[in-house]
Amino acid sequence: MTYKTIQYKVEEQIARLTLCRPEVSNGFNIPMCEEILEAIGAAAASAEVAILVIQAEGAVFSVGGDLVEMKRAVDEEDIGSLVQIAELVNQISLALKKLPKPVIMLTDGAVAGAAANMAVAVDFVLASDKTKFIQAFVGVGLAPDAGGLFLLSRSIGATRASQLAMTGESLTAEKAQEYGLVYRVVEKENLPKACRQLIKRLLRHSPHSYRAIKELMWKSEFEQWEDYAQLELALQRKLAFKDDFKEGVRAHFERRRPHFTGK
């Protein structure tokens, strides 16, 4: 497959998936989501791939949903396309969690919205000390997607997960490590070295062990995801048609605080 929004390369047992839309802060649109899913599937199916590494071009890892696309959808009353993105990002998180191989994510800058929840779905996050994780959904009148609350509550506890989702407060890399969301925090220039060190460690062990570990984790903690995903998408669909969502998107582009009315 020829990719237009990401890069996907396999070298020496390592598949590298790179987000390549820095001009929109690596925001997710439908083509990008579909290409990410294709790449994850390729990594899962290839006997040559032992580990998947996810990284991004630019100063921002990802703002989550493409805000330019959100503005277009709001202006053109094309909310259905946004619902499709919500469905796709959940599929991405699900695919990452079910991938029977270790998944490493390298983060720098803002990791917001769906991207922040994908970070919870991978096995290891190596974060620069400038990384900030943001549950940005309340700022535009939405609720967490990409399996966010399902994953977060199991990782850091229900109360902390709810607080982050309700406030939209950013979580520093150091705090995220304290919470257990980040494996290691390093300076930006040391991310490649930290990744090489972790890859070297992981390649020492049998891929059969990783497959079994991830299968057991799925069975013990995540088997109810499909039921949760149906509710998440249904609620997100309702929220996307609310006036508050449209106000949140327009306020972002007008660089002002949104005025939510509950409609």
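Above this text is the structure in question.
Parameters at a glance
- Residues numbered from 1 in each chain as written.
- Predicted model: local features only at pLDDT ≥ 70, side-chain atom pairs only at ≥ 80, totals over all residues.
- Heavy atoms only, no water.
- Helix = DSSP H or I, 4+ residues; strand = E, 2+ residues; numbered from the N terminus.
- Buried < 20%, exposed > 50% of the residue type's maximum accessible area, 1.4 Å probe, protein only.
- Contact = heavy atoms within 4.5 Å.
- 1 Å grid on protein atoms, 1.4 Å probe; cavity = no way out; pocket = protein on both sides within 12 Å on 5 of 7 lines; lining within 4 Å.
- Points joined across faces, edges and corners; volume = space filled by probe spheres on them.
- Nonpolar A, V, L, I, M, F, W, Y, C, P; charged D, E, K, R; others polar.
- Arc of directions from axis to C-beta.
- Salt bridge = Lys/Arg side-chain N within 4 Å of Asp/Glu carboxyl O.
- Core = buried A, V, L, I, M, F, W, Y, C linked by side-chain atoms within 4.5 Å.
- Disulfide = S-S within 2.5 Å.
- Patch = residues over 30% accessible without salt bridge, like charges linked within 9 Å, V, L, I, M, F, W, Y side chains within 5 Å.
- Areas by Shrake-Rupley, 256 points an atom, 1.4 Å probe, with all protein chains shown as cover.
- Lys, Arg positive; Asp, Glu negative; His and termini not counted.
- Charge placed at Lys NZ, Arg CZ, Asp CG, Glu CD.
- Phe/Tyr/Trp six-rings, centres within 6.5 Å; stacked < 30°, edge-to-face > 60°.

1. Digging into the environment of isoleucine 104
Thought 1: Assignment of secondary structure puts isoleucine 104 in strand S4 (residues 103–107).
Thought 2: A residue is classified by how much of its surface remains accessible, and isoleucine 104, at 0% relative accessible area, is buried.
Thought 3: Once the C-alpha coordinates of isoleucine 104 and isoleucine 51 are considered, the two residues, 53 residues apart in sequence, prove to be 7.6 Å apart.
Thought 4: When neighbours within four sequence positions are excluded, isoleucine 104 is seen to be in contact with Ile51, Leu52, Val53, Ile54, Phe124, Leu126, Cys195, Leu198, Ile199 and Leu202.

2. Quick look at empty space enclosed by the protein
Leftover empty space is mapped by rolling, across the atoms, a probe with the size of a water molecule.
Thought 1: All told, the structure shown has 2 cavities of 30 Å³ or more when counted by the stated rule.
Thought 2: Roughly 100 Å³ of internal volume is contained in the largest cavity.
Thought 3: Every residue lining the largest cavity is listed: Ala116, Ala119, Val120, Val125, Phe133, Ile134, Gln135, Leu152, Leu164, Glu169, Leu171 and Leu181.
Thought 4: Counting only elements with at least two residues in the lining of the largest cavity, the list comes to helix H4 (114–121) and strand S7 (132–134).
Thought 5: Ranked by residues supplied to the lining of the largest cavity, first place goes to H4 with 3 residues.
Thought 6: Residues of the lining of the largest cavity, tallied by class, amount to 10 nonpolar, 1 polar and 1 charged.
Thought 7: One number sums up the size of the second largest cavity: a volume of about 70 Å³.
Thought 8: Around the second largest cavity, the lining residues are Leu17, Leu19, Phe28, Ile36, Ile54, Phe61, Ile92, Leu96, Met105 and Met118.

3. Focus: helix H2 (residues 67–75)
Thought 1: Among the residues of H2, Glu69, Met70, Ala73 and Val74 are the ones counted as buried. In a view along the axis of H2, the buried residues occupy a sector of 135 degrees, so they form one face of it.
Thought 2: Check the buried side of H2 and you find it contacts helix H3 (79–98) and helix H11 (243–253).
Thought 3: Of the residues flanking the end of H2, it is glutamate 77, one or two places downstream, whose phi is positive at about 55 degrees.

4. Quick word on the pattern of salt bridges
Thought 1: In the structure shown here, the tally under the stated rule is 11 salt bridges.
Thought 2: Close ionic contact of arginine 72 with glutamate 69 constitutes a salt bridge, the shortest N to O distance being 2.6 Å. Within this pair, arginine 72 and its partner glutamate 69 are both found in helix H2, separated by 3 residues, close to a single helical turn.
Thought 3: Close ionic contact of lysine 214 with aspartate 123 constitutes a salt bridge, the shortest N to O distance being 2.8 Å. Taken as a pair, lysine 214 in helix H9 (residues 207–222) and aspartate 123 in the loop between H4 and strand S6 (124–128) lie far apart in primary sequence, 91 residues in all.
Thought 4: By sharing partners, the salt bridges in this structure join Glu69, Arg72, Glu76 and Asp78 into a single network.

5. What about the nonpolar core?
Thought 1: With 70 residues, the main nonpolar core has Leu17, Phe28, Leu52 and Leu96 as its most contacted residues.
Thought 2: Broken down by element, the residue count for this core peaks at 10 residues, all from H3.

6. Digging into the state of the cysteines
What makes a disulfide is a covalent bond joining the sulfur atoms belonging to two cysteines.
Thought 1: Under the defined criterion, the tally for this structure stands at 0 disulfides.
Thought 2: Cysteine cysteine 195 shares no disulfide, and the gap to the nearest cysteine sulfur, in cysteine 20, comes to 16 Å.

7. Here's the deal with unusual backbone geometry
A negative phi holds for most residues other than glycine; trans holds for most peptide bonds.
Thought 1: Even without glycine at this site, serine 25 takes up a positive phi of about 55 degrees.
Thought 2: The topology assignment puts serine 25 in the loop between strand S2 (14–19) and helix H1 (30–45).
Thought 3: In this structure, alanine 146 takes a positive phi of about 55 degrees despite not being glycine.
Thought 4: Structurally, alanine 146 can be placed in the loop between S7 and helix H5 (148–156).

8. Some details on a negative patch on the surface
Thought 1: A surface patch of like charges, here negative, comprises Asp129, Glu174, Glu187 and Glu189.
Thought 2: Along the chain, aspartate 129 falls in the loop between S6 and S7.

9. Observations concerning the packing of aromatic side chains
Thought 1: In this structure the tally under the stated criterion is 7 aromatic pairs.
Thought 2: With a centroid separation of 6.2 Å and an interplanar angle of 50 degrees, the aromatic rings of phenylalanine 150 and phenylalanine 222 are classed as tilted. Of this pair, phenylalanine 150 sits in helix H5 while phenylalanine 222 sits in helix H9, and the two are 72 residues apart along the sequence. Here phenylalanine 150 and phenylalanine 222 have matching classes, each one buried.
Thought 3: The interplanar angle of 35 degrees and the centroid separation of 6.4 Å between the aromatic rings of tryptophan 218 and phenylalanine 222 together place this pair among those described as tilted. You can see tryptophan 218 and its partner phenylalanine 222 sitting in helix H9, 4 residues apart, about one turn around the helix. There is no split in this pair, since tryptophan 218 and phenylalanine 222 are both buried.
Thought 4: Connected via pairs of aromatic rings, a cluster forms that spans Phe150, Trp218, Phe222, Trp225 and Tyr228.

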